[in-house]
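Below are the chains, spelled out letter by letter.
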Amino acid sequence: MSAVLYGVFTVADVHVALPLSELREVIPCPASFVPLLAAAPGLAGAVSLRHQVIPVVDLRQLLGLDSPARRDVVVIVTYDGSVFGLLADAVRGVVDVAPEAELGMTVNSGLPPLFARTFERPEDGAVVCVLDCAAIRRLPGMVLAADAGGPSAAMAAAQERGTAATGCSMMLLRAGEIGLCVDVSHIHSVVPELVLKSSPIDGGVIHGVIELGERFVPAVDTLAVLGLGGLAPIDVKRGVALAYPRGLLTFAVTEVVAIVPVARGDVLAMPGFGVPPPAFAAGILPGQAGGSYLVLDGAGLRAEEELGTLAALGTPVRGGGQPARREAAREEPGPGEGRVIEPRVRTYLTYLAGPEVATPLTQIEEIVPHPGDVIPFAGGGAMRGVFTLHRSSVPLVDLPALLGEAAEIDPAAARVLLVGGVGFLVPALRAIEESTWEERVPAGTPAPATLAGSPLVKIGTRMLPRLNLSECAATMVGERDKRTVAG
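Here is a short report on the structure shown in this document. These numbers come from a predicted model, not from an experiment.

On to a negative patch on the surface, then. Together, Glu305, Glu306, Glu408 and Asp410 make up a region of like negative charge exposed at the surface. Looking at the secondary structure, you find Glu305 in helix 7 (residues 305–311). Residue Glu305 is classed as exposed on the basis of its relative accessible area, which comes to 59%.

The following block contains the structure:
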């Protein structure tokens, strides 16, 4: 038997899976459900979707699980000619599972057991229960709607013919007027409704951040990433999250249309001339609902270094991570024999200042894009000029030049770190991360003039120079004040 593609979602703290052949689509949870003239265990009511009334079951109520007030999505399921919805917290992505990886289970219950198989999700070891849709159908008093047809029915037919084994499953998306599609194996999760929050990294291709699981995840403009213009604000409605080595990144789209089987020969090559191909374009998929779709190179998107850097900028929802551990300082080899380090967990912003460096996040008052209205200074050196922000004038300082490092500044990627009334211009941001230890600096030690003398901080597997921007800003402001008094 060949491997099966499962869509995974969460119900309370339980991971639940359905074969993609049974999962039609995911929609935002409505404010209320349509009441039905029926009573069944867990029956919440119904939703009206494209003029079809679909009964919805709350598995949390059925199983006696804690049911939080917030219910995020409804997973629309089709099975054996019937269609129904399941309340869920979030969609957690697509998993390819080999038959030998599934384990049989027995449940002793008065109600029909809702699952008989489990598997372990490879990326995080989570135990996933494979939902038995036949058991949902057999619930006493359960209301079933006739399946009016949909993409899942096409998927089932394709699997019966064996074409799914020789091709892949594609998720069809729409971004404004442009149809896009990507292999579902590259998708971490689907966000049925984007609720954007402002953040210090907004600007350029970043619309803001969204709460996804336990993290705030950056949301990027998909069309801008592809070089196809940009999404109008009214078109930023849904999201598709991709996983990167250091975090998640959400691609904003207008609509998630369907999941369809695609044979290898169905994708047409991009034209060889006359039309410059968009970034990450792998071909054209014709003949689908809504017309033709641009096929995206999912592997290329996930391997792109700058997108991976944006993904790393996500932060924990609860903000601080662990509190700083206060332990006695100790000698430990690593940064160099004789250095005194202390275990300490703090949140750092890592960025480029020539080489990669780290600054405690609490020192950063604001992060803004490269200003477009700088009044330049012709004197050379690190001082670039002055710009205005929030009705104040701010000196713009080239941080790599200040530290004696050579670095090219691309205005599109550069950011300005606001600290103590000074704007430090850096070539690029890296991530917001936590330290494991820091090198202790004796009290009264002056700030080093170069990175070579900076204390170190260990973040992940890297040892980075720890740059105290508050001291740098205070020194610059103090020198300015001295010149003012002398004048």
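The rest of the description comes next.
Counting across every chain of the model gives eleven salt bridges. Notably, a salt bridge pairs Asp398 with Arg384, separated by 3.2 Å at the nearest N-O pair. Placement of Asp398 in strand 31 (residues 392–398) and of Arg384 in strand 30 (residues 383–389) is noted, with a sequence separation of 14 residues between them. Look at Asp398 and you get buried, because its relative accessible area is 7%. As a salt-bridge pair, Glu438 and Arg466 come within 4.0 Å of each other at their nearest N and O atoms. Linking Glu438 in strand 35 (residues 437–439) with Arg466 in the loop between strand 37 (462–465) and helix 9 (469–486), this pair joins segments that are 28 residues apart in sequence. Residue Arg466 is classed as buried on the basis of its relative accessible area of 16%.

Turning next to the pairing of strand 7 (residues 82–88). Counting buried residues along strand 7, seven of its seven residues qualify, which places the element largely inside the surrounding structure. Alternating positions in strand 7 separate into two faces, Ser82, Phe84, Leu86 and Ala88 on one and Val83, Gly85 and Leu87 on the other, with burial throughout. Sheet analysis places strand 5 (residues 52–57) next to strand 7, joined by two bridges and oriented parallel. For Val56, the partnering residue across the bridge sits in strand 7 and is Gly85. As paired elements, strand 6 (residues 73–79) and strand 7 share seven bridges and run antiparallel to each other. Across the sheet, the residue bridging to Val74 is Leu87, located in strand 7. Sheet topology note: the strand 7/strand 12 (residues 145–146) ladder contains two bridges and is antiparallel. The partner of Val83 across the bridge, within strand 12, is Ala145.

Excluding glycine, residues mostly have negative phi values, and the peptide bonds linking residues are mostly trans. We note that His390 has phi near 55°; this positive angle belongs to a residue other than glycine. Of note, His390 is situated in the loop between strand 30 and strand 31. Positioned with a positive phi, Arg391 is a non-glycine residue whose angle comes to about 65°. On the accessibility criterion, Arg391 (87% relative accessible area) is exposed.

Okay, empty space enclosed by the protein next. By the definition in use, this model includes one cavity of 30 Å³ or more. Roughly 100 Å³ of volume is contained in the largest cavity. In terms of lining residues, the largest cavity is bounded by Leu173, Leu180, Val182, Thr222, Val240, Leu242, Phe251, Val253, Leu296 and Leu301. Among the elements of the structure, strand 14 (178–183), strand 18 (238–244) and strand 19 (247–253) are those that each provide at least two residues to the lining of the largest cavity. Along the lines of polarity and charge, the residues of the lining of the largest cavity split into nine nonpolar, one polar and no charged.

Before going further, it helps to spend a moment on the pairing of strand 31. Note that strand 30 and strand 31 share six bridges and pair antiparallel. Opposite Leu389, over in strand 31, you have Ser392 as the bridge partner. In this structure, the hairpin formed by strand 30 and strand 31 is closed by a connection of two residues, where His390 is found at a positive phi of approximately 55°. Pairing of strand 31 with strand 33 (residues 422–426) involves three bridges; the strand directions are parallel. When the sheet's bridge partners are listed, Leu396 is paired in strand 33 with Gly423.

Turning our attention to the side chain of Asp398. Here Arg384 takes part through its side chain, which lies 3.2 Å from a polar atom of the side chain of Asp398. Those residues within four positions of Asp398 in sequence are excluded, and the remaining contacts are Ala382, Arg384, Ile409 and Leu425.

On to the environment of Gly314. With respect to the helices, strands and loops of the structure, Gly314 is situated in the loop between helix 7 and strand 23 (315–316). Setting aside anything within four residues of it in sequence, one finds Gly314 in contact with Arg215, Phe216, Pro218 and Ile432.

With mixed pairing, six strands are arranged side by side in an open sheet as 8-1-2-11-10-9. What marks the edges here is a single partner per strand, and that holds for strand 8 (90–97) and strand 9 (103–104). Relative to strand 8, strand 1 (residues 4–11) runs antiparallel, the two sharing seven bridges. Across the sheet, Gly7 pairs through a bridge with Val94, a residue of strand 8.

Rules used throughout
Residues numbered from 1 in each chain as written. Predicted model: local features only at pLDDT ≥ 70, side-chain atom pairs only at ≥ 80, totals over all residues. Heavy atoms only, no water. Patch = residues over 30% accessible without salt bridge, like charges linked within 9 Å, V, L, I, M, F, W, Y side chains within 5 Å. Areas by Shrake-Rupley, 256 points an atom, 1.4 Å probe, with all protein chains shown as cover. Salt bridge = Lys/Arg side-chain N within 4 Å of Asp/Glu carboxyl O. Lys, Arg positive; Asp, Glu negative; His and termini not counted. Charge placed at Lys NZ, Arg CZ, Asp CG, Glu CD. Helix = DSSP H or I, 4+ residues; strand = E, 2+ residues; numbered from the N terminus. Buried < 20%, exposed > 50% of the residue type's maximum accessible area, 1.4 Å probe, protein only. Pairing = 2+ DSSP bridges. 1 Å grid on protein atoms, 1.4 Å probe; cavity = no way out; pocket = protein on both sides within 12 Å on 5 of 7 lines; lining within 4 Å. Points joined across faces, edges and corners; volume = space filled by probe spheres on them. Nonpolar A, V, L, I, M, F, W, Y, C, P; charged D, E, K, R; others polar. Polar contact = N/O pair within 3.5 Å; in protein donor to acceptor, adjacent residues only side chain to side chain. Contact = heavy atoms within 4.5 Å.

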